[in-house]
Amino acid sequence: MPMRRWWDRAQALAGAPSLRGVGVCAEDWLQAARDVAAAGGRLLSLWGSGEPRDTESAAIYAAYLSDLGVLILQLPIERKTGDESGDYPGLEEIFPAASRLQRAAFDISGVRSSDPDRRPWLRHGKDYDFVRVDGEGVHEIAVGPVHAGTIEPGHFRFSVVGEKVLRLEERLGYTHKGVEQRFTELPILEAHRLAARVCGDSAVAYSWAYCQALEGISGCVIPARAAWLRAAFLELERVANHLGDLGALGNDAGFAFGLAQFSRLKEELLRAVSAALGQRYLLDAIVPGGTTVDLSPEAGRALANTVRKVCEEATELRAIYDEHSGVRDRFTGAGRLAPELAIRLGVLGLVGRASGQPLDARVDLPCAPYTELAVSKVVQSGGDVAARVAVRFEELAVSARLLERMLEGLPPGGHVENIEAPTDGTFGAGLIEGWRGPVLIALEAGPGGSIRRCHPHDSSWQGWPAIEHAIIGNIVADFPLINKSFNLAYSGVDL
Amino acid sequence: MRPEDWLTQFIEIVAALAAAPIFLGWVSQCRAWLQNRRAPSLWLPYRNIRKLFHKEAVIAQNASRLFRLAPYVVFGTMVLAAAIIPSMGTRLPLVVSADAIALVGLFATARVFMALAAMDIGTAFGTLGARREMMVGFLAEPALLMVIFVASLLSASTALPAITEHLATQTLGLDPALAFTAVAFTLVLLAENARIPVDNPSTHLELTMIHEAMLLEYSARHLALMEWTTALKLFNYACIGFALFIPWGVATGHIGPLGLAVAIPTLAVKLALAGGGLALIETLCAKLRVMRAPEFLATAYLFAVLGLLVHVMLGARG
């Protein structure tokens, strides 16, 4: 059965544009996954619902991204006690990214896939079975979760011969804090604040995705001005993060000049954002129904001027990065993720676009105001650090152009609309292209304005396994640079 | 030996110990300025050493005696090296204990102890750093020896003070042989002192480190000594460079108070310029891939050999 049939069978869901959902049985679950893969679709997210000790009303969900839109499948699960074959068919063979998602779903919701890898992912405590590489001269280097610098915790197990990496295995979950559980304890109209804090550097993307889902299921239509403001916030977040990354990438190549310059530019931008909107990182800029802040024409112009200036300077710095032989030598060819491999691994977002995957939700599945804006997709096919740097530089320019239009052409009207709590049992999802990639938030309302289930998904889930492949054959000393070029979320996937 | 010579010797050692951290601080300052950053205090390395001396030493359970001993051995060799490098005067009583070739041996001794201590605990990083350090070392030492041979051939001696005295009393002029070797020496200096482009002294990324990876297990007074050694090594290399390539201003002959009065400010000026130059190189360069370090040092060796060839050719003509 081709993909189209599943799409036609599914019903439209509220929230993100082109979003549909359908309940399936176990055989259909597997068949649908095969059909999606055959049609070139990707696994966007996978999550479970139900408590680990709960024997009823458990379900597993999969969200697929295809040309048609986002298709969410729901498979109700009858938990088999004492059965080792698993509660539902695993998708690892079809979508490699499913493996860790399924393990995380088991840790959180207690629903087990039939796939062979059953090591806990988020649940730490017992010893973890790393895959061992044997052979003459092979030795292991264990790095983290405590590092020599103050950086995010992640454990990396390298198997190396001399300097050459044969295998890398990641172990994450050190920043697990029970976000999904916490969501269910919050009123649905206030949980956007938690959503903004799931992954601090993508606060706008997460809070917008949450609000999109919520507004969808409560039937609230936000004013046009609010949508434009949100898009401006999102692009500001993208510019700020890209600037920070470009500096950090220079620094990791031993080119501290880059760090100093890009840090300065990022700081200038953040100060301008703070002056115009009252917050540096826009953690509380988006609320259900609209935005907390409005932008006066003067403030908009001032902000637009800063953005223009910052992006012009970034263009000058790009010339330095491009012409510096030492930096070029470090960037070119390091950590190559070939386009074929990127397809196989289902990589999304910025990392995907640097490996020839032209996926950008702002263009493919645009919500307002992106439907009115011509966003140009940035795609590079190199797949190495240099390509990921180039994508960042080019996206800076695209965002600067967008911001110029947004900040000076905001539609008139109010910036926030009243919103009512949705009725019990309604289900929707929001999808926003953050700076890393698409952020999906699936939301199910509970009784009396509560949340039954809220699952935030970061595209880093798809990116982390890709690093394990990109590093193979590189030297171990290049890992920090390669890792930084991906710059994936820890908090966003540890939940 | 006259008593003044012992006084010179004493002042030289004390000056090296005192000036080395400031020199390191100066390089950091210049680097910060060149990168448009606000510079840290000149005294920061001192404060750091002082802080570390006041801390309680934490040592891994499986550390052997070698691990505790290494900082003292390494520090001692660097102090001895400082004693035989003519940074201010050339009449140094301790010079009889080691010539320039033995000096290379002293550096090698320090390196061996550091590498052994790094491997002693058995962590992956220490071993990784030690292995990389030995790779850099075994390529840098021949290049350094070649540099010294050229200078020795010019002055018919392997004792550094004699070389300096000979070169300082020559008429001012550019010797092409020395010009080539000066380039070679600069490259060796960068590699041996864990500076960019070979290593990054300010990195926090444990997987990319060479020198810093070997120090990860050290703390408190041991770390203080190791850091002081690092500063002293850079100072020593700078002074070797001055002794070979810009010896003017060093007090030759038996030194009086007047000689020192000239030698000390001259040294300060040279250090200031060298520090600025080093910071400039480090700002302009990115760090090389670790596997490119051999190419870098091969270039150094090549330059030193070119210097030697030029000397032989010019010598044959003259």
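Calculation rules
- Residues numbered from 1 in each chain as written.
- Chains lettered and ligands numbered in written order.
- Predicted model: local features only at pLDDT ≥ 70, side-chain atom pairs only at ≥ 80, totals over all residues.
- Helix = DSSP H or I, 4+ residues; strand = E, 2+ residues; numbered from the N terminus.
- Rg over C-alpha atoms; globule rule 2.2 N^0.38 Å.
- Buried ≥ 20, exposed ≤ 12 C-beta atoms within 10 Å, placed from the backbone.
- Domains from an automatic or database assignment.
- Contact = placed C-beta atoms within 7 Å.
- Nonpolar A, V, L, I, M, F, W, Y, C, P; charged D, E, K, R; others polar.
- Pairing = 2+ DSSP bridges.
- Axes fitted to C-alpha atoms, helices over the stretch in contact; angles between N-to-C directions.
- Parallel < 35°, antiparallel > 145°, perpendicular 65-115°, else oblique.

**Description of the overall build of chain B**
Working step 1: Counting secondary structure elements, chain B contains 11 helices and 0 strands.
Working step 2: Across chain B, helices and strands are ordered from the amino to the carboxyl terminus as α-α-α-α-α-α-α-α-α-α-α.
Working step 3: In summary, chain B has a C-alpha radius of gyration of 19 Å against a globular reference of 20 Å for 318 residues, a match within 12%.
Working step 4: Judged by the C-alpha coordinates and their principal axes, chain B covers about 60 × 45 × 40 Å.
Working step 5: In chain B, which comprises 318 residues, the share counted as buried stands at 50%.

**A look at the domain arrangement of chain A**
All names here are of chain A.
Working step 1: Split into domains, chain A comes out as domain 1 (3-109), domain 2 (133-172 + 460-495) and domain 3 (221-418).
Working step 2: Spacing between the C-alpha centres of domain 1 and domain 3 amounts to 32 Å.
Working step 3: Contact with domain 1, which involves 10 residues of that partner, is made by 7 residues of domain 3.
Working step 4: Looking at the side of domain 1 that touches domain 3 residue by residue, the classes come out as 7 nonpolar, 2 polar and 1 charged.

**Points about helix 15 (residues 460-470) of chain A**
Working step 1: Most of helix 15 of chain A is tucked away, with 8 of its 11 residues classed as buried.
Working step 2: If you check which residues of helix 15 of chain A are buried, you get Ser 460, Trp 461, Gln 462, Gly 463, Trp 464, Ala 466, Ile 467 and Ala 470 of chain A.

**Quick word on the environment of Val 36 of chain A**
Working step 1: With respect to the helices, strands and loops of the structure, Val 36 of chain A is situated in helix 2 (residues 26-38).
Working step 2: For Val 36 of chain A, the contacting residues outside a window of four places in its chain are Met 3, Gly 41, Tyr 64 and Ser 66 of chain A.

**Description of the sheet that holds strand 4 (residues 42-49) of chain A**
Residue and element names in this part refer to chain A.
Working step 1: Sheet architecture is open: 5 strands sit in the order 1-3-6-5-4, paired in mixed fashion. Unpaired on one side and paired on the other, strand 1 (11-12) and strand 4 mark the two borders of the sheet.
Working step 2: Examined bridge by bridge, strand 4 and strand 5 (residues 58-65) share 7 bridges and lie antiparallel to one another. Counterpart to Arg 42 in the pairing with strand 5 is Leu 65.
Working step 3: Helix 3 (residues 98-109) rests against strand 4 and strand 5 of the sheet, and its axis sits at about 15° to strand 4.

**Points about the pairing of strand 14 (residues 451-457) of chain A**
Sheet faces and side chains relate simply in a regular strand, where the side chains alternate between the two faces.
Residues and elements named next belong to chain A.
Working step 1: Taking burial as the measure, the 7 residues of strand 14 include 6 buried ones, the bulk of the element.
Working step 2: In this structure, strand 13 (residues 438-445) lies alongside strand 14, joined through 6 bridges in antiparallel fashion. Residue pairing for strand 14: Leu 443 is matched across the bridge by Cys 454.
Working step 3: Hairpin connection between strand 13 and strand 14: a loop of 5 residues separates the two successive antiparallel strands, and Gly 448 in this loop has a positive phi of roughly 60°.

**Some points on the environment of Arg 68 of chain B**
All names here are of chain B.
Working step 1: One can find Arg 68 in helix 3 (residues 65-84).
Working step 2: Given 15 C-beta atoms within a 10 Å radius, Arg 68 is considered partly exposed.
Working step 3: Sequence-wise, Arg 68 and Thr 123 are 55 residues apart; in three dimensions their C-alpha atoms are separated by 16 Å.
Working step 4: Apart from residues no more than four positions distant in its own chain, Arg 68 is found in contact with Ile 59 and Ala 63.

**Topic: the interface of chain B and chain A**
Working step 1: Residue-level contacts link 22 residues of chain B with 24 residues of chain A.
Working step 2: Here the residues of the side of chain B that touches chain A are counted per class, giving 12 nonpolar, 6 polar and 4 charged.

**Observations concerning the packing of helix 8 (residues 256-277) of chain A against helix 9 (residues 297-323) of chain A**
Residue and element names in this part refer to chain A.
Working step 1: Put simply, helix 8 and helix 9 touch, their axes get as near as 9 Å, and they point 170° apart. In terms of their interaxial angle, helix 8 and helix 9 are classed as roughly antiparallel. Residue-level inspection shows Gly 258, Gln 261, Phe 262, Leu 265, Glu 268, Leu 269, Ala 272, Val 273 and Ala 276 of helix 8 in contact with helix 9, the latter providing Ala 299, Ala 302, Leu 303, Thr 306, Val 307, Val 310, Glu 313, Ala 314, Leu 317 and Tyr 321.
Working step 2: Looking at side-chain class alone, the contact of helix 8 with helix 9 contains 14 nonpolar, 3 polar and 2 charged residues.

**Let's talk about the sheet that holds strand 12 (residues 427-433) of chain A**
Residue and element names in this part refer to chain A.
Working step 1: With respect to topology, 4 strands assemble into an open sheet ordered 2-12-13-14, the strand pairing being mixed. Of all the strands in the sheet, just strand 2 (14-15) and strand 14 have a single pairing partner and so form its edges.
Working step 2: Where strand 12 and strand 13 come together, 7 bridges link them in antiparallel fashion. Among the inter-strand pairings, Ile 432 is bridged to a residue of strand 13, identified as Val 439.
Working step 3: Contacts between helix 6 (residues 203-218) and the sheet are confined to strand 2, strand 12, strand 13 and strand 14, with strand 12 contributing the most and set at about 145° to the helix.

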